[in-house]
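Geometric and topological summary
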Amino acid sequence: MDDKENETIIKYFSQIRQEEPDTSVAIAAIRTLLDVIKRSNAGTISELSIQLKHSQQLLLTQTDSSMPSVKSGCELFLRYITLAKFDSFAINECRKQLIERGQLFLERTLNSRQRIAEYGQEFIVDGSVILTHSYSRVVLALLKYSSKFCRFRVFITESSPDKSGLRMRDELEQLGIPSICILDACVAYIMEQVNFVLVGAEAVVESGGIINKIGTFNMAVLAKEMNKPFYVASESFKFVRYYPLNNRDLPDLFKYKASTIARLGGKNLETEHPLVDYTLPSYITLLFTDIGTLTPSAVSDELIKLYI
């Protein structure tokens, strides 16, 4: 692909992110790959496959969006659309088949939040006090749906360094859900007052652990220490084939913005503030997903099904 095509791909992805802020990063990446298929002039399936993998790498290294979400969304999308055998089709027919499968996959992902809300709502009872972290679209959708059936209060961490918790509080208040934004340092103080913790995830890894906004791991450790359930709401297209052992195991591409890595040339990154951390599965009670309510140990089995 030439520089003009690379620019088109990045521009298309960035336009979705700017014009549709409620669209998740993973879905924006999937739509971008689908657009690449539609515009492709590849003469063979092999050439088209190379173009798609190049586009995926471009999104991972040339944008400052959530890299775990981009990686998981792209990999699952590419796996899904290439499951069919195209040996007997001409390239134009192959492209048509790929676009149809891509649209089907996209439609499934767009319904994910509603299914998660229905599964998670069963765990929220009248009078619940909930603690959440940062800003999460899927958590917001779950709480919005649950507010139709019961009343509850929400504490939200301010979530430094970008203070995205303030946006979460504002949107919850617009829905009529009583919400209070707290300092990140207040988590232990507030923990004894809440019934459970509910967070989103940028990626769910093979172990059943999650990669999410920095500070999530702290919250999970405190919840376990104080015997509070720690729930995660995440779409299945955020399941990624990766098995970190600890936070040092996370690749730099996950922990820092692509522009930061480029600026520092991949060196001295330890002086930068990491954007995400890894929460081990032993700290997670349940995961609410569009394929059901799962224990952390069940995630690896579901990943196998997704990639078969």
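Since this is a predicted model, take the numbers as computed values, not measurements.

Details of the sheet that holds strand β10 (residues 292-294)
- The strand order across the open sheet built from seven strands is β3-β2-β1-β4-β7-β9-β10, with neighbouring strands paired in mixed fashion. Each of the sheet's edge strands pairs with one partner strand only, and the pair in question is β3 (179-182) and β10. Across the sheet, the axes of successive neighbouring strands diverge by a mean angle of 25°, strand direction being ignored.
- Strand direction decides the pairing type here: strand β1 (residues 128-132) and strand β2 (residues 152-157), joined by five bridges, are parallel. Counted as the bridge partner of S128 is F152 from β2.
- Contacting β1, β2, β4 (196-199), β7 (230-233) and β9 (286-289), helix α7 (residues 137-146) runs over the sheet at an angle of about 125° to β4.

Quick look at helix α6 (residues 112-121)
- Three or more residues of α6 are buried, namely S112, I116, A117, G120 and Q121. For α6, the angular spread of the buried residues around the axis is 150°, confining them to a single face.

Details of the packing of aromatic side chains
- By the definition in use, this model includes seven aromatic pairs.
- For the pair Y231 and F288, a centre-to-centre distance of 5.2 Å together with 40° between the ring planes defines the contact as tilted. Within this pair, whereas Y231 is found in strand β7, its partner F288 is found in strand β9, the two being separated by 57 residues in sequence.
- A relative accessible area of 1% places F288 in the buried class.
- Joined through ring pairs, the aromatic side chains of F123, F196, Y231 and F288 make up one cluster.
- Positioned over the ring face of Y135 is R167, at 3.9 Å from the centre of the ring.

Description of the domain arrangement of the protein chain
- Domain assignment breaks the protein chain into domain 1 (3-110) and domain 2 (115-307).
- If you average the C-alpha positions of domain 1 and of domain 2, the two centres end up 26 Å apart.
- Contact residues are listed per partner, giving 24 residues for domain 1 and 19 residues for domain 2.
- Around 1900 Å² of area is buried between domain 1 and domain 2 when both sides are counted, 59% of it from carbon and sulfur atoms.
- Where domain 1 meets domain 2, there are zero salt bridges.

Re α7
- Burial runs high along α7: seven of the ten residues are buried.
- Listed in full, the buried residues belonging to α7 are V138, V139, L140, L142, L143, Y145 and S146.

Brief notes about the packing of helix α2 (residues 25-39) against helix α3 (residues 45-62)
- Packing of α2 against α3 brings their axes to within 10 Å, and their N-to-C directions diverge by 145°. For the pair α2 and α3, the crossing hand works out as right-handed. Here A29, T32, L33, V36 and I37 of α2 lie close against α3, whose contacting residues are L48, L52, S55, Q56 and L59.
- Residues belonging to the contact of α2 with α3 are distributed by class as follows: seven nonpolar, three polar and no charged.

The rules behind each value
- Residues numbered from 1 in each chain as written.
- Predicted model: local features only at pLDDT ≥ 70, side-chain atom pairs only at ≥ 80, totals over all residues.
- Heavy atoms only, no water.
- Pairing = 2+ DSSP bridges.
- Helix = DSSP H or I, 4+ residues; strand = E, 2+ residues; numbered from the N terminus.
- Axes fitted to C-alpha atoms, helices over the stretch in contact; angles between N-to-C directions.
- Contact = heavy atoms within 4.5 Å.
- Buried < 20%, exposed > 50% of the residue type's maximum accessible area, 1.4 Å probe, protein only.
- Arc of directions from axis to C-beta.
- Phe/Tyr/Trp six-rings, centres within 6.5 Å; stacked < 30°, edge-to-face > 60°.
- Lys NZ or Arg CZ within 6 Å of the ring centre and 35° of its normal.
- Domains from an automatic or database assignment.
- Buried area = accessible area lost by both parts, 1.4 Å probe.
- Salt bridge = Lys/Arg side-chain N within 4 Å of Asp/Glu carboxyl O.
- Left-handed = near helix turned anticlockwise from the far one by under 90°.
- Nonpolar A, V, L, I, M, F, W, Y, C, P; charged D, E, K, R; others polar.

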